[in-house]
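Notes for the structure review
Below, each chain spelled out in residue letters.
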Amino acid sequence: MKEATAVGPKHGVFYRALSEFRHFGTYPFNMRILLLTNMLYAFVLPVVELFVGTYIMRNSSELAYVVGYQLAVYTGIPITFLINGFLMRRIRIAHLYSFGMLLSGVSMAVMMSLETLELDGIILAGLIMGLSYGFFWANRDFLALASTDDGNRNYYYGLESFFNTVASVVVPGMIGAFLGATADHGWFAGNINFAYKLVTLFVFVLTIVASAVVTRGRFAEPKHERFIFRHFDALWQRMMRLAVLKGIAQGYIVTAPSMLVMTLVGNETTLGTLQSIGAIVSAVLLYLLGRFTTSRHRVAIFSAGLLLFALGGAFNAVLYSATGVIVFMLCLVLGRPLMDLGYFPIQLRVIDYVSRKEHRNSYAYIFIHEFALYLGRFFGCGLFIVMTLAVSDTFAIRYALLIIGIIQLVSIVISRNITHTLDRLER
């Protein structure tokens, strides 16, 4: 009996959670600081990605405005990567990272301050959000590359995806319920735009806390080296093709949920509820994948995410109804983090190899990688706008996801080729 009593608790949920926390403590200090910062900011991203789109839809009813906003965001990002490359020679990288997070709140404040939503104001808010994303992702990618190695990147991105997925459960559900209750119960005199402003305040508070955490890191500052080049190794050029394909889908991943739900399903309450369905299972799965998989599993994980995205697009195209939207959202909730969990470690591994081979600053590859993503995003958003103008809004929102999902499947072949080439070269 005594032995059973002693052993039993070690198999309990509390003991397991404590064991995982201790395991987290075995990783490098900077890696842990970066993960904690990303955990806090994970609760901002769903607000920025989902509810800004629904705010535009609610106040303009123009699908093209939502896509125009996203295209302005994507235009601001590579420009900021260029500016960041020069600023990081003079300003601490943690401060640039913090500035990027704080700008997301500024962009939302600009959007909420517009009395009427016109395209020029939407584009201005989008460009500011692009600046925010640019400073955020440029420095986040650089710090992730510097704070991790190929042996712990599955765990790093698995835990980061776990945070993002948990946030996609909690934040859309809470904010969707808050916005829905404001409309249904007449809170703030039924002024839902005031409720959006309170959400913006919530974003500001979280970004300030996240900024305070990241400044505690002991990150090495980048060297003052050239980061703009025209010619790259053949392996990196293959990585650029993979980045273009990834970029094609990114615009739809961000804008499609709000457009589909507001068009076919209902209101913000429904949006929050749909994002929460299935995400808990996804979060647990992602943590386990990050904890127990290795580099040889990355292509399979990446491929699973791509197939889920294509499957969701097919259901949406065939059904084009509330049921089709629900299936697509479930596929996206699981597929998107799987794509990221497979893609980012592959990208960083390629940067590790080619930066050593070509004796270049690793930021040079982070910088040009963003321009490849932008080419894909521009093509994806442009395709949607062309389909909207040439045929109709309904045709674009129904079939664009399927077309992009099928195009994305080419990434499976390219990622497998890159991984096999790296395996051979490193042997």
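Our subject is the structure listed above.
Calculation rules
Residues numbered from 1 in each chain as written. Predicted model: local features only at pLDDT ≥ 70, side-chain atom pairs only at ≥ 80, totals over all residues. Heavy atoms only, no water. Helix = DSSP H or I, 4+ residues; strand = E, 2+ residues; numbered from the N terminus. Buried < 20%, exposed > 50% of the residue type's maximum accessible area, 1.4 Å probe, protein only. Polar contact = N/O pair within 3.5 Å; in protein donor to acceptor, adjacent residues only side chain to side chain. Contact = heavy atoms within 4.5 Å. 1 Å grid on protein atoms, 1.4 Å probe; cavity = no way out; pocket = protein on both sides within 12 Å on 5 of 7 lines; lining within 4 Å. Points joined across faces, edges and corners; volume = space filled by probe spheres on them. Patch = residues over 30% accessible without salt bridge, like charges linked within 9 Å, V, L, I, M, F, W, Y side chains within 5 Å. Areas by Shrake-Rupley, 256 points an atom, 1.4 Å probe, with all protein chains shown as cover. Salt bridge = Lys/Arg side-chain N within 4 Å of Asp/Glu carboxyl O. Nonpolar A, V, L, I, M, F, W, Y, C, P; charged D, E, K, R; others polar.

1. Some details on the side chain of N361
By the secondary structure assignment, N361 is in the loop between helix 14 (322-358) and helix 15 (362-390). Given the relative accessible area of 11%, N361 is considered buried. In this structure the side chain of N361 is engaged in a polar contact, spanning 3.0 Å, whose partner is the backbone nitrogen of Y363. The residues contacting N361, other than those within four sequence positions of it, are F142, K223, E225 and R226.

2. Comments concerning empty space enclosed by the protein
Taken as a whole, this structure holds seven cavities of 30 Å³ or more when the rule is applied. For the second largest cavity, the calculated volume is near 60 Å³. Lining the second largest cavity we find G85, M88, R89, P222, K223, H224, E225, F227, N361 and Y363.

3. Section: a nonpolar patch on the surface
Together, W187, F188, F194, L198, L201, V205 and V209 line one region of the surface with nonpolar side chains, adding up to about 600 Å² of accessible area. Tracing the sequence through the fold places W187 in the loop between helix 8 (153-185) and helix 9 (192-214).

4. Re the layout of surface pockets
Considered as a void within the structure, the largest pocket measures approximately 350 Å³ in volume. Forming the boundary of the largest pocket are 14 residues, of which E20, F21, L159, F162 and Y287 lie nearest the centre. Counting residues per element, the lining of the largest pocket draws most heavily on helix 2 (residues 13-24), at five residues. The computed volume of the second largest pocket comes to approximately 200 Å³. F142, L145, A146, E221, P222, K223, E225, R360, N361 and S362 are the residues that line the second largest pocket. Of the residues forming the lining of the second largest pocket, the biggest block, three residues, is contributed by helix 7 (residues 119-147). Partitioning the lining of the second largest pocket into residue classes produces four nonpolar, two polar and four charged.

5. Some details on the environment of L96
Relative to the elements of secondary structure, L96 occurs in helix 6 (residues 93-113). Residue classification places L96 among the buried positions, given a relative accessible area of 3%. Considered as a pair, L96 and S211 are 115 residues apart in the sequence and their alpha carbons are 9.7 Å apart. When near neighbours in sequence (up to four residues on either side) are disregarded, L96 contacts N84, L87, M88, I91, F135 and N139.

6. Points about the pattern of salt bridges
Enumeration over the complete set of coordinates arrives at ten salt bridges. A salt bridge links D352 to R153, with the nearest nitrogen and oxygen atoms 2.7 Å apart. Here D352, found in helix 14, pairs with R153, found in helix 8; they are 199 residues apart in sequence, far enough to count as distant. Under the relative-accessibility criterion, D352 is labelled partly exposed at 22%. For R153, a relative accessible area of 0% translates into the label buried. Notably, a salt bridge pairs K357 with D233, separated by 2.7 Å at the nearest N-O pair. With K357 in helix 14 and D233 in the loop between helix 9 and helix 10 (234-265), this pair connects stretches of sequence that are 124 residues apart. It is possible to trace a salt-bridge network through shared partners that takes in R349, D423 and E426.

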